[in-house]
Amino acid sequence: MIQVINVSKRFLHNIVLDGVSLEVRDGETVALLGPSGVGKSVLLKHINGLMKPDAGDVIVDGLSVPRLKRKEIQQLRSKIGYVFQYGALFDSMSVYENIRLGITDETCANDDGYCNDRVKECLRLVNLAPDVAEKYPAELSGGMKKRVGIARAIAGAPKYLLYDEPTSGLDPVNADVIDALIERLRDELGVTSVVVSHDVRGSFRVADRVALLWQAKIRADGTPEQVLASQDAAVQQFLERDLEMGLIQAEGEARAKRGA
Ligand SMILES: Nc1ncnc2c1ncn2[C@@H]1O[C@H](COP(=O)(O)OP(=O)(O)O)[C@@H](O)[C@H]1O
Ligand SMILES: [Mg+2]
């Protein structure tokens, strides 16, 4: 379970999180929504200990993350797969080597036979053919790069998966592929996930619960149905704006396809 309890974080005069609480139960997928720059990535970084709160606490797997020593944080991180917003693949390394980096257990990481099998298995889990292992990131499409990023995040068989904007920059078809993958990994691996997104449509599809971060606070938190039915003007404004943007984008793509 992940518990963010009353967390506050500021950078100089910029108050990014102001008493934020969020709970992710075991096996659950929670979508964290919010406009660009609101603090979604900052919140994710508190969960795996990349950032420390000014106040409040973060409990992951029963441990208070801000209180952990460096070695203990490393141990905890081996249970947390992190899908970085921009993929963060190493261009000079093959897909195989990139995914192998995600194998955190030292004994496993030094076992070539284990790593070969594990990389193959992770490619299968993200619907990529085994021969993709030999390619380099520059040879891959945007959607494939995202999938390799996910393959690396699951290579260490994590209990938790944190996705930072896994569908950003993808066209709707490829975004749907990633959303389906997030659902499948939850069902097949039983992972507990937080999916950060500003894509309302996709998050509503993959999430058991949705939380909206708005002006440094959690403004809504509930099932997709509950959040959609919210009477809060700020929540409605965010949802509508995003759904509209989705429609405008879809229209633009349809027009481009027609060659207009
Ligand atoms: N390391 C940092 N130092 C100073 N300010 C930061 C740092 N990381 C993030 N911020 C600020 O925190 C705010 C939230 O950023 P971020 O979490 O990246 O937003 P998003 O919701 O788009 O992921 C932004 O105003 C950003 O400039
Ligand atoms: Mg971000």
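Residues numbered from 1 in each chain as written. Chains lettered and ligands numbered in written order. Predicted model: local features only at pLDDT ≥ 70, side-chain atom pairs only at ≥ 80, totals over all residues. Heavy atoms only, no water.

### Points about the overall build of the chain
Here comes step 1: The number of helices and strands found in the chain is 10 helices and 10 strands.
Here comes step 2: In terms of overall size, the chain behaves like a compact globule, its C-alpha atoms giving a radius of gyration of 19 Å where 260 residues would be expected to give roughly 18 Å.
Here comes step 3: Here the C-alpha coordinates of the chain stretch approximately 55 × 55 × 35 Å along the principal axes.
Here comes step 4: Split into buried and exposed, the 260 residues of the chain put 48% on the buried side.
Here comes step 5: A fraction of 65% describes how many contacts in the chain between residues 6 or more apart in sequence connect residues 24 or more apart. (Helix = DSSP H or I, 4+ residues; strand = E, 2+ residues; numbered from the N terminus. Rg over C-alpha atoms; globule rule 2.2 N^0.38 Å. Buried < 20%, exposed > 50% of the residue type's maximum accessible area, 1.4 Å probe, protein only. Contact = heavy atoms within 4.5 Å.)

### Structural notes on the sheet that holds strand β1 (residues 2–11)
Here comes step 1: With antiparallel pairing, four strands are arranged side by side in an open sheet as β2-β1-β4-β5. The sheet is open, and its two edges are formed by β2 (14–24) and β5 (63–64), each paired on a single side.
Here comes step 2: Looking at chain direction, β1 and β2 are connected through seven bridges and run antiparallel. Counterpart to V4 in the pairing with β2 is L22.
Here comes step 3: Of the strands in this sheet, β1, β2 and β4 (55–60) touch helix α1 (residues 40–47), which is tilted by about 125° from β1. (Pairing = 2+ DSSP bridges. Axes fitted to C-alpha atoms, helices over the stretch in contact; angles between N-to-C directions.)

### Section: the nonpolar core
Here comes step 1: Formed by 33 residues in total, the largest nonpolar core has its most connected members in I99, I150, Y163 and L185.
Here comes step 2: At the level of elements, α3 (95–100), α5 (112–125), α6 (142–154), β7 (160–164) and α7 (172–189) are the ones that each hand at least two residues to this core.
Here comes step 3: Apart from residues lying up to four places away in sequence, L185 is in contact with L125, I150, I154, L161, Y163, G190 and V191. (Core = buried A, V, L, I, M, F, W, Y, C linked by side-chain atoms within 4.5 Å.)

### Focus: the environment of L68
Here comes step 1: Within the fold, L68 resides in the loop between β5 and α2 (70–77).
Here comes step 2: Taking the C-alpha atoms as reference points, L68 and S78, separated by 10 residues in sequence, lie 14 Å from one another.
Here comes step 3: Every residue in contact with L68, bar those within four places of it in the chain, is listed here: L63, I73 and L76.

### Focus: the site of ligand 1
Here comes step 1: Every residue close to ligand 1 is listed here: F11, N14, V16, P35, S36, G37, V38, G39, K40, S41, V42 and M51.
Here comes step 2: Between N14 and ligand 1, the recorded distance is 3.0 Å, taken from a side-chain N or O atom to an oxygen atom.
Here comes step 3: Between ligand 1 and the protein, one listed contact pairs an oxygen atom with a backbone N or O atom of G37 at 2.6 Å.
Here comes step 4: About the coverage of ligand 1: the protein hides 60% of its 560 Å² of free accessible area.
Here comes step 5: When residues of the shell around ligand 1 are traced back to their parent elements, those giving at least two are β2 and α1.
Here comes step 6: When residues in the shell around ligand 1 are grouped by element, the largest group, three residues, is from α1. (Near = heavy atom within 4 Å. Polar contact = N/O pair within 3.5 Å; in protein donor to acceptor, adjacent residues only side chain to side chain. Areas by Shrake-Rupley, 256 points an atom, 1.4 Å probe, with all protein chains shown as cover.)

### Observations regarding the side chain of K40
Here comes step 1: For K40, the position within the fold is in helix α1.
Here comes step 2: The contact partners of K40, leaving out residues within four places of it in the chain, are L32, L33, G34, P35, E165, V196, S197 and L213.

### A word on α5
Here comes step 1: Its 14 residues give α5 an end-to-end C-alpha distance of 20 Å, which sits within 8% of 20 Å, the value for a rise of 1.5 Å per residue.
Here comes step 2: Its buried side turned inward, α5 meets α3, α4 (106–109), α6 and α7.
Here comes step 3: Measuring from the backbone nitrogen of G113 back to the side-chain oxygen at the start of α5 gives 3.1 Å, which picks out D111 as the cap.
Here comes step 4: One or two positions beyond α5, positive phi appears at N127, with a value near 60°. (Expected span 1.5 Å × (residues − 1).)

### Quick notes on α7
Here comes step 1: The end-to-end C-alpha distance of α7, which contains 18 residues, comes to 25 Å, matching closely the 26 Å that a straight helix rising 1.5 Å per residue would cover.
Here comes step 2: Here α7 has its buried residues at A175, I178, D179, L181, I182, L185 and R186. For α7, the buried positions fall inside an angular range of 155° around the axis, keeping them on one side. For α7, the exposed residues lying more than 90 degrees away from the buried face are V173 and D187.
Here comes step 3: Among the structural elements, β3 (29–33), α5, α6, β7, β8 (192–197) and α8 (200–206) are those in contact with the buried residues of α7.
Here comes step 4: The backbone nitrogen of V173 lies 3.0 Å from a side-chain oxygen of the residue at the head of α7, namely D171.
Here comes step 5: Just downstream of α7, G190 is the residue with a positive phi angle, here 65°. (Arc of directions from axis to C-beta.)

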